[in-house]
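If you want the building blocks of each chain, they are given just below.
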Amino acid sequence: MDIAQARKERIDRGIKVRSDGLYALMSLKELSYLTLPRFLLIAGMLSLPFLMPGMYWQRVISIVCIYSLLALSFDFLAHYVGLVCLGGAFFIGMGGYIAGILNTYFGLPPVLTIPLATIIGGALSTFLLLPCLPLKGVYFAIVTLMYPLFMARIIEAFDIFGGTDGIIGIDSFSNHWVEQYVVIGVVLGFVFGLRRLVNMDIGLIFTAIMDNDQAVKASGINITLYRALAVFIASSMGCLGGACITHIYMWSGISQFALDFSILPIAATVIGGAGTLVGPVLGCLILVPVSELLRDFGTLRIVFYAVILVAFILFKSEGIMEFVQRKYEQFERWTKI
Amino acid sequence: MIEDPILKVVGLTKKFGGVTALSDVSFEVGEGEILGIIGPNGSGKTTIVNNITGFIKPSSGMIFFKGKNITGQKPHKIADMGVTRTFQVMRPYYSLPAYKNLVIPLFSPRARRTGGWRGGGRLGDRHTVSIDILEEIGFERDSYIPFKTTSTLPTGYLKRLELARCLSLKPEIIICDEVFSGLSMSEIASMVPLIERLQMDGITIVMIEHRLRELFRVANRIMVMNFGEKLIEGSPDEVMADAGVKEAYFGSEEVEEVMTYA
Amino acid sequence: MQIIVYGTINSVSLALMALGFAMVYGISRVPNFAHGALYIVCGFVCWIFLNSLGLNYFLAIILSLLVNALIGALMYRFVLIRVRGMNISEIIGSYAIGLAILEGLRWGGFKGMTYTLPVFMEGSITLGGVPVDYHRLLMMIIGVVLVGLLWAFTHYTKLGLALQGMAQDERAALMLGIDSDLMATLAMAFGAMLAGVAAILILPLGNIVVESGYHVLIMSIAVCIVGGLGSWMGAIVAAFLIGFTQILTVVYIGSHFQMVVAILAIILTLIVKPSGLFGRQHELEERV
């Protein structure tokens, strides 16, 4: 059919309309309509370690979860707070190094180092980013891109924390099941937690700061405080990921500040669907294994996901999640004009 | 001079690069009165508002609120004290429903401290409170209007929404930056009683206006600005009789109109 | 004396690197994160023309500059034009293109020490007790001439004025009949060409390695931010500031800290004066 003579009509499914307000949930069918996607996500994530063929791929799942944490934090900051943070590696590095230091220099077990690294790392990252918080748009993006590079050079130049060799001999998780269920649980917790957060009144404040910071100032709200709070939430997620990755590889080094940790989560967010919070996790579930499969091709895999990224930005900027959601909630049909 | 002015501006000067937007402006606002500020375009009216509310820092001069120096404070600090403002170019949160616009100011420390619109006690559900405020400001409660997306609302409602944002902070002063501009005659006619009622509630109002006819009806005192300087200040009648004002508005039929009206 | 000579050379090369980035951002407000990649591509294209096709060096340079301009224009025409105005997408998109080019080159085997361009002129002279080879001297002269030419181009030619008009106010320019998409494409092509010129002038001093693409990107962003995004004058002044600071750190503290200084400069500038030394954005925003 010719585009000029027809247009696509999208109509909400009746069941969607009825289940928009919770009071309308009359039947089991409507209930399951709402819970099915969420159940699928939870069940899918929890069963992943069993479905994987071997230790190697189970390790990949852990890495997927860590990237998911970063992607979630990027998505939250960029689309709900309006701060485009290109420095995911900064958070990973901070968390990783803090966990490493706590574990080797102070002899704390992973049970303690991970939460401590999350909180200390989050606070420290927020403190270091505090001067940049009034910045907007491109400026914030560029500064945050610089931070991980800066940290890496500092560690290199001062030769602290093992210098270029990094910190070695860090304890691992007690076994790989614990490792995977810890990271999967954390990711699921953050997905639903952040969803809840952005729908609360405080989430409204974050979005308002993004849309219209002058009006928020005029409402007597300290925007730097709320930005700092948002950055703290996001950076603790990154630091948590960093702490986990340190204990998984039993090593923390400069490569944790590498660009990889900044770029892949962003690609995953774009592919999965920006601003959906579940999308980034889906994006990571697709991208990370694919890049593992392409490991033999060396740097070509970076070319590969750069090309996918550009293609998605150009042709499917809504991302997978929005697409699937639309199909789930709406009929589509062509109508004559 | 006014006894115990609630807002006192002394020698306010602001330079943008080489341009002097305001030079040595001083005035006082008494508690509970309505001060109108008029002047041709570019005479520095909005700059006064921005300076008082902390959105820009004055080059020199001082601003006192209830005897306390608030010069150069952060905007949110000043709003927290109860000095609120509307924007000339309206700044609602366009993507939200109208009533959710008010959830944001109701979340502020001041709104929490003052304990909700109904006075005393804890702040109730912010959505309920915000619909109460919207009703007070002229949104029909039982209609769908408070629930419509803000971007679909007409200008009249957006101006009211600006006022509502100030009201939800339980303000001591509202500085209205051209609330009448862009409205139709009937919309203005319904807005005037609203302003009068706010004054009766004990709120001090500073109005910056181009609609002289309505302004002269509600204002207690008028200050005239021209080229960043204060020309004259006085009661509406005095201002209208002044030759300098005619000079500034030379050729403007508005003054003639107001004079015949008076 | 040594510090002055090397500082000046370093500053001029930084200014050369940054000019293209500053130009593209200044005119079309697109932060071109593929700048470093364009720089390297020009080096390799020139190398291919020179060694594989056996062309004359001068001809190879001209051709490679044209190829680079074409790549820049295509990049704008097919990718960036669709995401203009969306900051996140612009940055991610151009960075992804740059990444694809650089890593593609690396995969294609363009790495290691094997790729070099010949210098324009052998030999060296002594300037105030410091030996300086002719190529570096030539680089400085060409750099200065280039800046002069660009200045003349934007102030006295019709096209240059159109570009300037668009830089100041795109909508107003549209109303005056300036095709903003065409202008932005041209700006991108010029930017790519400038990256190429920088590459041709600087690369003969060392090897053509993919890593220097990232280095160039970071340095040009540093220079542009310190100088104020979109301001050429600022970029040149900032290039001298950073250039001399770098040389001073190398001499007095250690070469490890060269990069630290550059990054610290960016972070400090953004924190103290986000609009940079010569940026004008802040003042406009201030008026609410």
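Preceding block: the structure.
**Q** Please give an account of the interface of chain C and chain A that cites residues and values.
**A** Facing 41 residues of chain C, the contacting portion of chain A comprises 40 residues. Interface area lost by chain C to chain A is led by Ile88(C), Ile92(C) and Trp107(C), which between them contribute 15%. Counting the contacts that link chain C with chain A gives 0 salt bridges. Elements supplying a minimum of two residues to the side of chain C that touches chain A: helix H3 (57–83), helix H4 (87–107), helix H9 (211–227), helix H11 (258–272) and helix H12 (281–286) of chain C. By residue number, the principal contributor to the side of chain C that touches chain A is H4(C), which donates 15 residues. Classifying every residue of the side of chain C that touches chain A by side-chain character gives 31 nonpolar, 6 polar and 4 charged.

**Q** Outline the side chain of Gln256(A), supporting the account with residue identities and numerical values.
**A** Residue and element names in this part refer to chain A. The residue Gln256 is located in the loop between strand S3 (251–252) and helix H11 (260–272) in this model. Accessibility expressed as a relative area gives 4% for Gln256, which makes it buried. Leaving out residues up to four positions away in the same chain, Gln256 has contacts with Ala89, Ile92, Gly93, Gly96, Tyr97, Gly242, Ile245, Thr246, Trp251 and Phe261.

**Q** So what's going on with the nonpolar core? Which residues, and what values?
**A** In terms of nonpolar packing, the biggest core is built from 223 residues, with Met45(A), Phe76(A), Ile104(B) and Tyr39(C) touching the most fellow members. Broken down by element, this core gets its largest block of residues, 17 residues, from helix H3 (residues 55–81) of chain A. Those residues within four positions of Phe76(A) in sequence are excluded, and the remaining contacts are Val81(A), Leu194(A), Leu197(A), Val198(A), Phe206(A), Ala230(A), Ile233(A), Ala234(A) and Leu277(A). In this structure, Val129(B), Leu158(B), Val179(B) and Ile203(B) belong to the second largest nonpolar core, which totals 48 residues.

**Q** How would you summarise the sheet that holds strand S2 (residues 19–29) of chain B if you had to cite specific residues and measurements?
**A** All names here are of chain B. Pairing is antiparallel in the open sheet, where 4 strands are placed in the order S2-S1-S4-S5. Edge positions in the sheet fall to S2 and strand S5 (68–69), since each has one partner strand and no second. As paired elements, strand S1 (residues 7–16) and strand S4 (residues 60–65) share 5 bridges and run antiparallel to each other. Bridge pairing links Leu7 to Phe65 in S4. Docked against the sheet, helix H1 (residues 45–52) engages S1, S2 and S4, running at close to 70° with respect to S2.

**Q** I'd like to hear about the packing of aromatic side chains, residue by residue, with values.
**A** Summed over all chains, the structure comprises 19 aromatic pairs over all chains. Relative to Tyr181(A), the ring of Phe50(A) lies with its centre 6.5 Å away and its plane at 50°, an arrangement referred to as tilted. Linking Phe50(A) in helix H2 (residues 28–51) with Tyr181(A) in helix H7 (residues 176–199), this pair joins segments that are 131 residues apart in sequence. Between the aromatic rings of Phe240(C) and Phe244(C), the centroid separation amounts to 6.5 Å while the plane-to-plane angle is 25°, which identifies the pairing as stacked. Taken together, the residues Phe240(C) and Phe244(C), both in helix H10 (residues 232–252) and 4 residues apart, mark about one turn of the helix. We classify Phe240(C) as partly exposed; its relative accessible area is 33%. Clustering of aromatic rings is evident, with ring pairs tying together Phe76(A), Phe206(A), Tyr226(A) and Phe107(B). Over the face of the ring belonging to Phe55(B) we find Arg85(B), whose NZ or CZ atom lies 4.9 Å from the ring centre. The residue whose ring lies beneath Arg91(B) is Phe87(B), and the NZ or CZ to ring-centre distance is 4.9 Å.

Cut-off values and rules
Each residue is numbered by its place in its chain's sequence as written, counting from 1. Chains carry letters from A onward and ligands carry numbers from 1 onward, assigned in written order. Per-residue local features are limited, in this predicted model, to residues with pLDDT of at least 70; the limit for side-chain atom pairs, both in listing and counting, is 80 or more; totals at the level of whole chains, interfaces and linings are taken over all residues. Only heavy atoms go into the side-chain values, all of them from the structure, while hydrogens and water stay out. The contact criterion used is simple: two residues touch if any of their non-hydrogen atoms lie within 4.5 Å. Here's the idea: put two parts together, see how much 1.4 Å probe accessible area each one loses, and the total over both is what we call buried area. Whenever a carboxyl oxygen of Asp or Glu lies within 4 Å of a side-chain nitrogen of Lys or Arg, that contact is scored as a salt bridge. Going along the chain from the N terminus, every DSSP run of H or I of four or more residues is numbered as a helix, and every run of E of two or more is numbered as a strand. Each residue receives one of three labels: charged for Asp, Glu, Lys and Arg, nonpolar for Ala, Val, Leu, Ile, Met, Phe, Trp, Tyr, Cys and Pro, and polar for the others, Gly being one of them. Throughout, exposure labels follow a simple rule: accessible area from a 1.4 Å probe, protein chains only, divided by the maximum for the residue type, with under 20% read as buried, over 50% as exposed, and the rest as partly exposed. By nonpolar core we mean a set of buried residues, namely Ala, Val, Leu, Ile, Met, Phe, Trp, Tyr and Cys, connected to one another through side-chain atoms within 4.5 Å. The pairing criterion is simple: DSSP has to find at least two bridges between the two strands. Fitted lines through C-alpha atoms serve as axes, helices being fitted only where they are in contact, and the angles separating the N-to-C directions of these axes extend from 0 to 180 degrees. Any two rings among Phe, Tyr and Trp, with Trp reduced to its six-membered ring, count as a pair given centres within 6.5 Å; such a pair is stacked if its planes are under 30 degrees apart, edge-to-face if over 60, and tilted if neither. When the NZ atom of lysine or the CZ atom of arginine is within 6 Å of a ring's centre and also within 35 degrees of its normal, the charge is said to sit over that ring.

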